[in-house]
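# Breakdown of the fold
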Amino acid sequence: MLTRGERTSHKWRRRPDGPDKVTGALRYLTDMSLPGMLHGKVLRSAEPHAFVLDIRTAKAERVPGVAAVITHLDVPGLNRFGIVNPDQPVLCEDRVRYVGDAIAAVAADTKETAEYALSLIEVDYEPIPVVDDPELALLPESPKLHEGGNVLHRTSYRKGEPEDAFAGCTHIVEGTYYTPRQMHAYMETEGGLFVPEADGRLTVYAATQHGYKDRMQLSRILGIPEEAIRIVSSPIGGSFGGKDELNVQPYGALLARKAGIPVKLHNSRRESVRAGLKRHPMKIVMKTGIDGEGRLIAHEARITADTGAYSTLGAPVLNFATEHASGPYRIPHVSIEGVSVFTNNGVSGEFRGFGGNQAIFAVESQMNRLAELAGMDPWEFRRLNLREPDDPGPLGQRILPSAGLLKAWQSIADSEVWSRRTRKPTESEPWIKRGVGAALAMHGSGLGYGIPDPGGGRLSLTKEGKLEAAFSFEEFGQGITATLELMLMERFGCGADDLSIVIGDTDRVPHTGSSTASRSTTIAHIALSKLHPQLSERLIAGASAMAGVAAERLMTGPGGIWIKPDDDSGSSLAATYKELAETLGGELAFETKFDFPVTPDPIVGGHYLYTCAAVAVEAEINTLTGAVRLLAKHHAVAAGPAVNPMGYIGQIEGASVMAQGFTLTEDALMLDGHYKTENLDNYIVPTIRDVADDFTLHAIEELPEGDPYGPRGIGEVGSVALAPAIAMAVRDAVGKWVNRLPIPREELIESFASQLAGKTEGAGAT
Amino acid sequence: MNPYTWRAVVNGAEAELHVQPAERLLTILRDDLGLTGTKVSCELGRCGSCIVHMDGRPVNACLVMAYQCNGASITTIEGLAEGDLHKVQEAFLEEGGFQCGYCTPGMIMSVKALLDETPNPTTDQIKEGLSGNICRCTGYGGILRAVKRCGGNASK
Ligand code: FES
Ligand code: FES
């Protein structure tokens, strides 16, 4: 099990960003301020769907203290944003499509003045019928949100002849599954500081998961060259995908440039809920058949995703859901179709797990039902149908073979939690029922085939004598700085104080892609594997010349280059990094560029590297209240070496509790296009009281022989399989199938009378 | 200028400000005094990001108005440690009790308040004491381990 202990002690390190975090000294980008700065506020649409007939700002402009008011007329460049397909208005011209659409923004000397001025902006709307159901949105008579209609994207994957194959199946299960509009609920809401510099450039201090992408998008909006913009995007108080797309940056940038004064923006929680991304709610209809021995024969899935008003990454999310809708199984006949539909329900986008969570809940639930029909143990049923390492990937593409899946399966089979499925303790009260469940998944890393996914990195000896690694990653809690530190210390044998790690600043780092899709650790590993030998060789050559010692006898170490110990002497320092830097007279830098590994087969979105994971849970259901309490969790994750064990454990624990919220309590409810859950009082995020007391993590660290890709990302995989495991536990405990998340408590409630009756019967009374 | 004068002892130092009587302590700390270690997240008393101590007891700074804390002694995360790190801060570092760190100041102030009252809390007492602090990153595992390291009794 991966815990703090002897095996991990040499890698168990305090995070470099830790001291500033525990003392409150760390300045997040929303903590920054400058003397004389203005405060910005954004006017969001009052209507979920309407034509905008007129926007009048004169009264707002006259408020003393107001320095700038902007509308669409003030956008010099492209009045649109969106990572893939820019279709979201920065400031709406003539139409709004969700309640987060921005219409105007104000910068004033105080927040209160800015808010007051916003209240004076008059907008005339002509409402359009609200399209709030993706299936209705597909009907020809529905109002169309966009010129191209209400379909953002369709997917389909097919192999074999599923329609015919069902005829030969012994058992068929048909199920319809619904998943919630989960909110990222990062504790730091969106915001930042926007500074027009004296030289005409603009510095943006605002969270994102891809600084260079923000720079490109802002340059397009502002109509200025990318080089005229500097994005400082780290540190971040949580993101989980939610800050990947632009949020307040366009308004801060436009206001600051118009006023010529730094502007600060910081969303309130309500503003964040209203404008921010959510996880795609999906309806997934599945039909799956097996033969008499329990072997999977045919599988059909129809996915309908509510993508909300604009594209952002809705299409890639649907691709990902499609790829993950058949699970890690051998199925000869498959048909999967997906459609991502525009509605007036907020904007759905990128979120930890990226469409996998929804699909995996559905397909694993199908497996649970089929196993029961086949009269098999659900875990043995999965073993029987498990894909083999050399099988093609779920879209028929070649993937890197790995033994991780079987090991993850085995970990559950051997786990204490799973063993309690058959050895049930007696319940204390008749209305408390216990159950055990488990689920299995593989989850792709990287952006997938056909999507530009550039990686790289820079490694240098600075003028000051530091070993410096630079990547365009952001630190939003995942511990990338700690992981980089550990990777560098291991390679150079150096100390933490020999290092400088630079991230999250487009003026100071090369373009190494986004901090998304569980890709950063792999990118860092590949980059350092290329760069470390180059730098280290030059350092050793330099020290060899300085000290007059043969290069073979030298090695990098703490503080500098050391002469290796021989029989009669211990090691001694040949040259410090500082001396080397002085002798070399300037920076010594190496840079590399490469793409994240993808499948060689041209299947858009298809992945090559997968992380495999499984989880078993023990749950207790109170049938009087319908509450589900988790008692124990066992996670198995096959992701290669745990470079940073503290970070690894934390990522799995955190993702698991987030998935618990997805399964049991979290849903951003909307009615007629308006949010009903507007803050954390009725959007229910798990608290420490909801944590299972018994948690074990089995990190399966073996990689295939000669594997060049190193540790796989683990940021998402802890979140993908918990929901179906809980669903299985609920079935085990109370005999009910779950097909909707969060699990409606009312469905688990049984009348007290019937329970008493049950108890009486059980006790053998008349 | 605001006619209302707010006086308090903040992290051991006297502070005097002219503010609205209904201005929130959270805004006073973050915006007027520049003490941004106290965080803002829900502004309705749910998340605990803004927990500070008022006369030694934990309060949600987003719910306390200037007139309610006039004359009080306020301790924020910046004032927790005297010199070196406080043992709760040390424990959070050692056990990985944080990731993004945004909930951390409020969480640590709640842990401090819990341990002041109950030096050796059981798991149930820890859960009760920290149920007003949301952490979205850690899943609370590292936080529980950190509190237990500080004296929490690992059984029960
Ligand atoms: S900001 Fe005060 S409790 Fe959330
Ligand atoms: S560490 Fe990010 S919210 Fe707790």
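Residues numbered from 1 in each chain as written. Chains lettered and ligands numbered in written order. Predicted model: local features only at pLDDT ≥ 70, side-chain atom pairs only at ≥ 80, totals over all residues. Heavy atoms only, no water.

### Quick notes on the interface of chain A and chain B
The extent of an interface is frequently quoted as the accessible surface area lost upon association of the parts. Across the contact, 55 residues belong to chain A and 49 residues belong to chain B. Of the roughly 4200 Å² buried between chain A and chain B on both sides combined, carbon and sulfur atoms contribute 55%. Broken down residue by residue, the surface that chain A buries against chain B is led by Val22, Met187 and Ile688 of chain A, which jointly contribute 20%. Scanning the region where chain A abuts chain B turns up 11 salt bridges. Linking Arg689 of chain A and Glu128 of chain B is a salt bridge whose minimum nitrogen-to-oxygen distance equals 2.3 Å. Our count for the contact surface shared by chain A and chain B stands at 28 residue pairs in polar contact (both at pLDDT 80 or more). Residue assignment for the side of chain A that touches chain B shows that the elements contributing at least two residues are helix 1 (18-22) and helix 17 (645-664) of chain A. It is helix 17 of chain A that contributes the most residues to the side of chain A that touches chain B, eight residues altogether. A breakdown of the residues in the side of chain A that touches chain B according to their chemical character gives 23 nonpolar, 17 polar and 15 charged. (Contact = heavy atoms within 4.5 Å. Buried area = accessible area lost by both parts, 1.4 Å probe. Salt bridge = Lys/Arg side-chain N within 4 Å of Asp/Glu carboxyl O. Polar contact = N/O pair within 3.5 Å; in protein donor to acceptor, adjacent residues only side chain to side chain. Helix = DSSP H or I, 4+ residues; strand = E, 2+ residues; numbered from the N terminus. Nonpolar A, V, L, I, M, F, W, Y, C, P; charged D, E, K, R; others polar.)

### Some details on the UniProt feature "domain: Aldehyde oxidase/xanthine dehydrogenase a/b hammerhead" (unreviewed entry) in chain A
Here, the residues flagged by UniProt with the feature "domain: Aldehyde oxidase/xanthine dehydrogenase a/b hammerhead" (unreviewed entry) are residues 23-129 of chain A. The straight-line gap between the two end C-alpha atoms of residues 23-129 of chain A is 51 Å; of that span, 13% is helix and 36% is strand. (UniProt positions renumbered as here; feature names shortened; annotations may be inferred.)

### Overview of the domain arrangement of chain B
Residue and element names in this part refer to chain B. The domains assigned to chain B are domain 1 (4-80) and domain 2 (87-150). Averaged C-alpha coordinates put domain 1 and domain 2 at centres separated by 21 Å. Each side of the interface is counted separately: domain 1 has 15 residues, and domain 2 has 14 residues. For the domain 1 and domain 2 pair, buried surface summed over both sides reaches about 1300 Å², with 62% attributable to carbon and sulfur atoms. Of all residues in domain 1, His53, Ile77 and Leu80 bury the most surface against domain 2, accounting for 36% of the area lost on that side. Counting the contacts that link domain 1 with domain 2 gives one salt bridge. As a salt-bridge pair, Arg57 and Glu117 come within 3.8 Å of each other at their nearest N and O atoms. Counting across the domain 1 and domain 2 interface gives five residue pairs in polar contact (both at pLDDT 80 or more). Contributing elements (two or more residues each) for the side of domain 1 that touches domain 2: strand 3 (51-54) and strand 4 (57-60). By residue class, the composition of the side of domain 1 that touches domain 2 is six nonpolar, six polar and three charged. (Domains from an automatic or database assignment.)

### A word on the state of the cysteines
All names here are of chain B. Applying the stated criterion to the full structure yields zero disulfides over all chains. Free cysteine: Cys150, not disulfide-bonded; nearest cysteine sulfur from Cys103 at 15 Å. Overall, the relative accessible area of 8% leaves Cys150 in the buried class. (Disulfide = S-S within 2.5 Å. Buried < 20%, exposed > 50% of the residue type's maximum accessible area, 1.4 Å probe, protein only.)

### Looking at the packing of aromatic side chains
Residue and element names in this part refer to chain A. Per the stated rule, a full pass over the model turns up eight aromatic pairs over all chains. For the pair Phe320 and Phe354, a centre-to-centre distance of 5.8 Å together with 85 degrees between the ring planes defines the contact as edge-to-face. Taken together, the residues span a long stretch of sequence, with Phe320 in helix 9 (residues 314-323) and Phe354 in the loop between strand 19 (347-348) and helix 10 (356-374) at a distance of 34 residues. Here Phe354 falls in the buried class, since its relative accessible area comes to 18%. For the ring pair Tyr608 and Tyr709, a centre distance of 6.1 Å and an interplane angle of 90 degrees mean the geometry is edge-to-face. Taken as a pair, Tyr608 in the loop between strand 27 (588-595) and strand 28 (610-622) and Tyr709 in the loop between strand 32 (694-700) and helix 18 (722-734) lie far apart in primary sequence, 101 residues in all. Assigned by exposure class, Tyr608 and Tyr709 land together as buried. (Phe/Tyr/Trp six-rings, centres within 6.5 Å; stacked < 30°, edge-to-face > 60°.)

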